[in-house]
Amino acid sequence: MDRSLALRLSTLLLLSSAMSFPLKGAADPNLKIGRYETNTKECSFTGSKQESSACITLQLKGRSASVVAVRLIGHGSTKNSRRQLTFVTLTTQEESPLKCSAGTCRLEAQSWQSAVSSVAEASFNSNGIATGLPKAWAANNGECSLKNRVLRCSAVHINGEIYKAEAHF
């Protein structure tokens, strides 16, 4: 078989298989995947050093239909450095507070509640380079909740440390 005929047949096969998938009316599989970010009016979090830190940014990241990460970003210990604390929550598709398209999300829920499965911390210098390895821990029990534009999260580490955050936006 010559190459041009083989190329035409493979193109035809590819086109016919693509046409067999329903396009119109199909559900968007990425409705919960992406990021919502906003500045906070008032915000603080307590990390592994059990010190309260002010935060300036709140991010909600839809990682899948059932996983939403709540990240609080604040100033670090030196000029222009950053600290962040992330609560990873497990939710159901119907409970996710996000509606996303092409990676950008809107916060649609007026209220929301979800269990925290893990907590992570990271620090970055003024150039945005990590100042050590990020730390992550499984949470014994924890919860994030949203009500009246206030997001609260708390979780307990296996060693008894309490991680908590509150963001007004």
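Thresholds applied
- Residues numbered from 1 in each chain as written.
- Predicted model: local features only at pLDDT ≥ 70, side-chain atom pairs only at ≥ 80, totals over all residues.
- Heavy atoms only, no water.
- Helix = DSSP H or I, 4+ residues; strand = E, 2+ residues; numbered from the N terminus.
- Contact = heavy atoms within 4.5 Å.
- Areas by Shrake-Rupley, 256 points an atom, 1.4 Å probe, with all protein chains shown as cover.
- Phe/Tyr/Trp six-rings, centres within 6.5 Å; stacked < 30°, edge-to-face > 60°.
- Buried < 20%, exposed > 50% of the residue type's maximum accessible area, 1.4 Å probe, protein only.

A. The arrangement of the overall build of the chain in detail. In terms of regular secondary structure, the chain is built from one helix and 11 strands. Secondary structure of the chain in N-to-C order comes out as α-β-β-β-β-β-β-β-β-β-β-β. Within the chain, contacts between residues separated by at least 24 positions form 51% of all contacts whose residues are at least 6 apart in sequence. Total accessible area on the chain stands at roughly 10500 Å², and carbon and sulfur atoms take up 54% of it.

B. Seen up close, the packing of aromatic side chains. As enumerated under the stated definition, the model contains one aromatic pair in all. For the pair Trp137 and Tyr163, a centre-to-centre distance of 5.4 Å together with 25 degrees between the ring planes defines the contact as stacked. A residue pair is termed long-range when its members are at least 10 positions apart, and Trp137 in strand S9 (residues 135–147) and Tyr163 in strand S11 (residues 162–168) qualify at 26 residues. Side by side, Trp137 and Tyr163 carry an identical accessibility label, which is buried.

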